[in-house]
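Geometric and topological summary
If you want the building blocks of each chain, they are given just below.
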There are 4 protein chains.
Amino acid sequence: MELRNKIMDAAEQVILTSGLSKTTTKEIARIAGCSEGSLYNHFKSKEDLFLQVMKKHLEGFLAVLFKLNGNRGKRTVKENLHEVARAALDYFLLSIFLTSSLFTEPSFLARHREGFQERNEGPHRANEIVSGYIRAEQKLGRVNDDANPRSAADLLLGACFQHAFHVQFIGEDEAEEARNLFVDQLLSTMMKGLAS
Amino acid sequence: MELRNKIMDAAEQVILTSGLSKTTTKEIARIAGCSEGSLYNHFKSKEDLFLQVMKKHLEGFLAVLFKLNGNRGKRTVKENLHEVARAALDYFLLSIFLTSSLFTEPSFLARHREGFQERNEGPHRANEIVSGYIRAEQKLGRVNDDANPRSAADLLLGACFQHAFHVQFIGEDEAEEARNLFVDQLLSTMMKGLAS
Amino acid sequence: MELRNKIMDAAEQVILTSGLSKTTTKEIARIAGCSEGSLYNHFKSKEDLFLQVMKKHLEGFLAVLFKLNGNRGKRTVKENLHEVARAALDYFLLSIFLTSSLFTEPSFLARHREGFQERNEGPHRANEIVSGYIRAEQKLGRVNDDANPRSAADLLLGACFQHAFHVQFIGEDEAEEARNLFVDQLLSTMMKGLAS
Amino acid sequence: MELRNKIMDAAEQVILTSGLSKTTTKEIARIAGCSEGSLYNHFKSKEDLFLQVMKKHLEGFLAVLFKLNGNRGKRTVKENLHEVARAALDYFLLSIFLTSSLFTEPSFLARHREGFQERNEGPHRANEIVSGYIRAEQKLGRVNDDANPRSAADLLLGACFQHAFHVQFIGEDEAEEARNLFVDQLLSTMMKGLAS
DNA sequence: TATGAATGAGTCTTCATTCAT
DNA sequence: GATGAATGAAGACTCATTCAT
């Protein structure tokens, strides 16, 4: 594997196991098995390295999201939403450590806010895509006309986002099955609504 | 005002305007109008100071949550949930900068995880309370029996949590009215459900 | 007991148990059961406090030394030297922590060097007194004329001084009996000499 | 010269001229002509740096001590002891500033006590070696059988130890000749003994 | 006399980044 | 491209001392 990839993997690993504040260039280099200087042969700065890692995480998630559009009208709505919610949950669990740095360093956020938005890579992008899917299903008559598609997307993804947060807070890994159940109950409740 | 409170306010202000990584003891002292040394007459450490600020934020939110139980069966369910969702949104907007530090410094998280849970101050506490409220309303016949109370709570609070995250990401203040609308649409969609 | 004495005792206790670098005004006040401010009602400075403690230690030792002159010609020379060597050993064990500060802070030493010498309180004072005693015994014919009295004093007190150092280094208390034996062997060897 | 050595020399110089409490990382760096940060590229901590300096001092002294064993039965006993006593005196004069820190910071002592003893580098090591030499000479009939070898070693080295202490206390350099005389008188008195 | 909050200078250490080899 | 020593700015925290009450 090329050193560039080794470094990205090392950064990811250190962030996930030791937290951002312990993710020093020295530690990344140690895990990547190279010198600190080498980091700067492949990335402009530590910030740049983090940006690339974030982008890599996001890409995996977006791939699932784009598949969603192709599934309009196919399978059940619940099945389609289940798939995307599970992908979202996994992504949030992975990305929350890096994402939180956005608020730890607003200067970082300020520097890249524009870039994120220009390239439509902002965090709300996912909600927009899911919202678009739900609106499409509404037009196909497979979703209640009274529902607000964006609200529906916010409810589903928001619940996953916060759940990821809680899981990482607890610090114990959750079984695959538990995650499926969580999403399933979410969707069941969403589909039926609260009104008596 | 006593210096202790001045320091807490200064810390809060610096965190919200400059971000955690710029929230140095020197800057806090400058804003509080005292010496750095004074910080340590009132707080054991910077970490302790942050903990107190977090606690203060949480208390305001919990006060609203406890009121919720008193409203069982009163007003409409939607009205009750609206009130709590708005409080949650405000709390999340305020606390997200500090909360994100939990993931930046897992050692901090590890040190206080137990304490949070023992005192039932963990972040999931809110979801539990709302869940309890919804279950109670279910028994009163004011909520659909098919709904999973915990899932309903997770959807509502999760959406608010993520929305707070998005708002802070954008970096522009949202009007009071916009927040009400956001919550209102969330609840409308939740009440009716997606099923066609 | 008066606060002044309580403070001196507290200082002594902290120095002996925690070492000079942990002997802060805060800790002394805590042990003395008073406020930090009170220290300055009784002593000009922390340095002054230490000076008083050193003086107190020294006085106990000097009292034994002065008794030595009265014993000229009485008992055996070895008995007289044994008594003084034991007192020296005890004094060194007690004072070594404070004494070492002389070298940690040469400015302290510089400030008080003159004072020590003017008042004949320098550390060599003890050697002079013992030397004087031995010279007196020489004149009485109770000590070998070939011996150099000052060298004899240096040998005896030096051995005790270094032994105190070693004991504190090891960090384990030595039994009373062991100390007596140490001094006894020292004196036996000194009296007979090494020449074959 | 390599920076590592420059730093060690700088540390030694600052300790000897300004005392331990003024030996800050900033001052060491200034004298070494490098940045404070560089200190940490070569030494784990300030404590580690001091440890290396202490070890360097000790090694020079131990070299002389080991030569002593080779001289058994050669030259006169007094000549052999003179050589080792002079080396001891020089070593004590040099090391007393660092050694005294052992008592200023018992935590330092506690951390390294074991290490010192395991590697037989404790301060009593020298006394043991000299004691061994004297015992050997006893067996060769060149030292009085009645003398206790360990006591003899303690007397000689102890006197040198305390003399170093006194010299540093006075603060004036002693001429080479004066040191030789001091040791010579010590040995003369020791050889003959005090008994009349 | 006793207090204890306030001080501010000073300490060790960390860390992202550079650059000559 | 790879190295790793050198950097220097910055940070959290300590502590003897003061002074108004």
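Residues numbered from 1 in each chain as written. Chains lettered and ligands numbered in written order. Predicted model: local features only at pLDDT ≥ 70, side-chain atom pairs only at ≥ 80, totals over all residues. Heavy atoms only, no water.

Here helix α6 (residues 106-118) of chain C is 13 residues long and its end C-alpha atoms lie 18 Å apart, about the 18 Å a rise of 1.5 Å per residue gives. Taken residue by residue, α6 of chain C has Phe108, Leu109, His112, Gly115 and Phe116 of chain C as its buried positions. As for α6 of chain C, its buried residues are in contact with α4 (46-70) and α5 (77-104) of chain C together with α8 (149-170) of chain D. Positive backbone phi, approximately 55°, marks asparagine 120 of chain C, located one or two places after α6 of chain C. (Helix = DSSP H or I, 4+ residues; strand = E, 2+ residues; numbered from the N terminus. Expected span 1.5 Å × (residues − 1). Buried < 20%, exposed > 50% of the residue type's maximum accessible area, 1.4 Å probe, protein only. Contact = heavy atoms within 4.5 Å.)

Taken together, 29 residues surround DNA strand F, and among them Ser38 of chain A, Tyr40 and Lys46 of chain B, Tyr40 of chain C together with His42 of chain D come closest. One nitrogen or oxygen atom from the main chain of serine 35 of chain A is found 3.2 Å from a phosphate oxygen belonging to DNA strand F. Within the surface near DNA strand F, the residues separate by chemical class into six nonpolar, 19 polar and four charged. (Near = heavy atom within 4 Å. Polar contact = N/O pair within 3.5 Å; in protein donor to acceptor, adjacent residues only side chain to side chain. Nonpolar A, V, L, I, M, F, W, Y, C, P; charged D, E, K, R; others polar.)

Our next topic: the protein's contact with DNA strand E. Close to DNA strand E lie 28 residues; Ser38 and His42 of chain B, Ser38 of chain C together with Tyr40 and Lys46 of chain D are nearest. For DNA strand E, the fraction of protein-proximal atoms (within 4 Å) that sit in sugar or phosphate groups is 64%. With respect to DNA strand E, the backbone of serine 35 of chain C contributes an N or O atom lying 3.2 Å from a phosphate oxygen. At the level of elements, α3 (36-42) of chain A, α3 (36-42) of chain B, α3 (36-42) of chain C together with α3 (36-42) of chain D are the ones that each hand at least two residues to the surface near DNA strand E. Partitioned by chemical class, the residues of the surface near DNA strand E number six nonpolar, 18 polar and four charged.

Moving on, we come to the environment of histidine 57 of chain B. All names here are of chain B. Mapped onto the secondary structure, histidine 57 falls in helix α4 (residues 46-70). Distance from histidine 57 to alanine 152, taken between C-alpha atoms, is 24 Å for residues 95 residues apart in sequence. Look past the residues within four positions of histidine 57 in its chain and what remains in contact with it is Glu12, Tyr91, Leu94, Ser95 and Leu98. Here the side chain of histidine 57 touches glutamate 12 through a polar contact of 3.2 Å, side chain to side chain.

A few words on the packing of aromatic side chains. All names here are of chain B. Summed over all chains, the structure comprises 30 aromatic pairs over all chains. Centroid distance phenylalanine 61 to tyrosine 91: 4.7 Å. Interplanar angle 15°. Geometry classified as stacked. Taken together, the positions of phenylalanine 61 in helix α4 and tyrosine 91 in helix α5 (residues 77-104) put the pair 30 residues apart, joining distant regions of the chain. (Phe/Tyr/Trp six-rings, centres within 6.5 Å; stacked < 30°, edge-to-face > 60°.)

With an RMSD of 0.1 Å, chain D superimposes on chain C once it is rotated by 180° and translated 0.0 Å along the axis. In the structure described here, the two chain copies are related by an operation that fits a two-fold rotation axis. Residue glycine 193 of chain D of chain D places its C-alpha closer to the rotation axis than any other residue of that unit, at 1.8 Å. Both copies contact each other with a shared surface, as 98% of the interface residues of chain D are interface residues in chain C too. (Least-squares fit on C-alpha atoms with pLDDT ≥ 70 in both.)

With that settled, consider the arrangement of the chains. A minimum C-alpha distance of 12 Å separates chain B and chain C, which share no contact. Looking at chain A next to chain D, you find no contact at all, with the nearest C-alpha pair sitting 12 Å apart.

The subject of this paragraph is the domain arrangement of chain A. Residue and element names in this part refer to chain A. As far as domains go, chain A holds domain 1 (1-43) and domain 2 (54-194). When each unit is reduced to the centre of its C-alpha atoms, the spacing between domain 1 and domain 2 is 29 Å. Facing six residues of domain 1, the contacting portion of domain 2 comprises six residues. Buried surface at the junction of domain 1 and domain 2, summed over both partners, amounts to about 580 Å²; 71% is from carbon and sulfur atoms. Ranking the residues of domain 1 by area buried against domain 2 places Glu12, Leu16 and Leu20 at the top, with a combined share of 64%. Aspartate 9 serves as the salt-bridge partner of lysine 56, at 3.4 Å between the closest nitrogen and oxygen. When its residues are assigned to classes, the side of domain 1 that touches domain 2 shows four nonpolar, no polar and two charged. (Domains from an automatic or database assignment. Buried area = accessible area lost by both parts, 1.4 Å probe. Salt bridge = Lys/Arg side-chain N within 4 Å of Asp/Glu carboxyl O.)

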